[in-house]
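# Observations on chain architecture
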Amino acid sequence: MSRIALVTGGSRGIGAAISKELKAQGYAVAATYAGNDEAAAAFTAETGIKTYKWNVADYESSAAGIAQVEADLGPIDTVVANAGITRDAPFHKMTPQNWHEVIDTNLTGVFNTIHPVWPGMRERKFGRVIVISSINGQKGQFGQVNYAATKAGDLGIVKSLAQEGARAGITANAVCPGYIATEMVMSIDEAIRDKIVAGIPAGRLGEPEEIAKCVAFLAAEDSGFINGSTISANGAQFFV
Ligand code: CAA
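Here's a quick rundown of the structure. What you are looking at is a predicted structure, and each value in this text was computed from that prediction instead of being measured.

### So, helix H4 (residues 96-114)
- Look at H4: 26 Å from first C-alpha to last across 19 residues, which is about the 27 Å you get at 1.5 Å a residue.
- In H4, a bend of some 40° at threonine 108 exceeds every other bend along the element.
- Of the positions making up H4, those classed as buried are Asn98, Val102, Ile103, Thr105, Asn106, Gly109, Val110, Asn112, Thr113 and Ile114.
- As for H4, its buried residues are in contact with strand S1 (4-7), helix H3 (59-73), strand S4 (78-81), helix H5 (118-124), strand S5 (127-132) and helix H7 (145-165).

### Regarding the site of the ligand
- Not every one of the 18 residues close to the ligand is listed here, only the nearest: Asp88, Lys93, Ser134, Tyr147 and Tyr179.
- Side-chain polar atom of lysine 93 to an oxygen atom of the ligand: 2.8 Å apart, as the coordinates give it.
- At 2.7 Å from an oxygen atom of the ligand is found a side-chain nitrogen or oxygen belonging to serine 134.
- The fraction of the free accessible surface of the ligand (1100 Å²) that becomes covered by protein chains is 56%.
- Within the shell around the ligand, the residues separate by chemical class into 9 nonpolar, 7 polar and 2 charged.

### Re the packing of aromatic side chains
- One pass over the structure, following the stated rule, counts 2 aromatic pairs.
- Ring geometry for tyrosine 52 and tryptophan 54: centres 6.5 Å apart, planes at 55°, overall tilted. Considered together, tyrosine 52 and tryptophan 54 belong to a single accessibility category, that of buried residues.
- Between tyrosine 59 and phenylalanine 111 the ring centres are 6.1 Å apart and the planes differ by 40°, which places this aromatic pair in the tilted class. With a gap of 52 residues between them, tyrosine 59 in helix H3 and phenylalanine 111 in helix H4 connect regions that are remote in the sequence.
- Judged by relative accessible area, which is 28%, tyrosine 59 ranks as partly exposed.

### Considerations on the pairing of strand S2 (residues 28-33)
- In terms of burial, S2 is largely enclosed, as 5 of its 6 residues are buried.
- Relative to S2, S1 is paired through 4 bridges, and the arrangement is parallel. Within S2, the position partnered with valine 7 by the bridge is alanine 31.
- Taken together, S1, helix H1 (residues 13-24) and S2 constitute a β-α-β crossover, and its handedness is right-handed.

### Side note on the pairing of strand S3 (residues 50-53)
- Here S2 pairs with S3 via 4 bridges, running parallel. The residue bridging alanine 31 from the neighbouring strand is threonine 51, located in S3.
- Regarding topology, helix H2 (residues 37-47) serves as the crossover connection from S2 to the parallel S3, and that connection is right-handed.

### Examining unusual backbone geometry
- For lysine 125, which is not a glycine, the phi torsion comes out positive at approximately 60°.
- Within the secondary structure, lysine 125 sits in the loop between H5 and S5.
- Its relative accessible area of 53% is what places lysine 125 among the exposed residues.
- Even without being glycine, alanine 236 reaches a positive phi, approximately 70°.
- Residue alanine 236 is classed as partly exposed on the basis of its relative accessible area, which comes to 33%.

What counts and what doesn't
Residues numbered from 1 in each chain as written. Predicted model: local features only at pLDDT ≥ 70, side-chain atom pairs only at ≥ 80, totals over all residues. Heavy atoms only, no water. Helix = DSSP H or I, 4+ residues; strand = E, 2+ residues; numbered from the N terminus. Expected span 1.5 Å × (residues − 1). Bend = angle between axes of the 7 residues up to and from the residue. Buried < 20%, exposed > 50% of the residue type's maximum accessible area, 1.4 Å probe, protein only. Contact = heavy atoms within 4.5 Å. Near = heavy atom within 4 Å. Polar contact = N/O pair within 3.5 Å; in protein donor to acceptor, adjacent residues only side chain to side chain. Areas by Shrake-Rupley, 256 points an atom, 1.4 Å probe, with all protein chains shown as cover. Nonpolar A, V, L, I, M, F, W, Y, C, P; charged D, E, K, R; others polar. Phe/Tyr/Trp six-rings, centres within 6.5 Å; stacked < 30°, edge-to-face > 60°. Pairing = 2+ DSSP bridges. Right-handed = clockwise from strand over helix to strand, strands pointing away.

Structure, rendered in structure tokens:
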């Protein structure tokens, strides 16, 4: 039986690698994106993975989008809440808008992504929920009070969902990537990025595919006893 996976922010960066890895493993994959039509079209042309456009920060759009995916592909049993943004600034320069945009997308967006698929998973007695958190939710980061708050919040979400879903065959786990070579990280000022890389014992940024492998592991049917866990993939930069 083909499993059906939804990957938010699934057409670029880490999300694109996750979408491709799950497809390679035989899943039917739906990848969402928020705004970049061109990148999404190129991604579909390259991979054959269908993309859907909605704003994860909006509950009604998420619910309608998920209903469309299920009408097209069937019931979603694997959900990867990956979509995320940064609005970095030292706290004294951080605006309420910086705060709310990141909370709405990275935290409320995770609720909006999981909540509509949860009842179906409970009914079918199977589900895999994987949330892409971050090393910076574990250790905090200068300039990321907003982002770190959401990524720490993600860990609270999976630990709670794990307890609620366990009896219904649903697992909820997190992956905490370290600094990965994506547009998000490459847009950090080069001098600052060089300092960050110097602090990674592996001596390099991670690759999106290295995060995708963690997701595929957690999504597997025989990973059912791993529940409420966090996989840290950060090149030994930080240990919990
Ligand atoms: N620790 C201590 N002090 C720091 C610091 C740090 N990590 N980083 C900067 N500072 C200090 C600077 O030395 C500077 O001090 P002085 O004024 O005494 O010289 C002061 O803070 C101001 O620094 P900036 O000039 O850099 O301030 P800015 O307003 O121009 O930029 C910033 C602030 C945007 C947050 C910038 O420092 C930055 O981009 N930092 C990197 C943040 C980061 O790691 N983001 C991760 C993005 S990728 C991601 O989020 C994916 C993931 O999950 C890992």
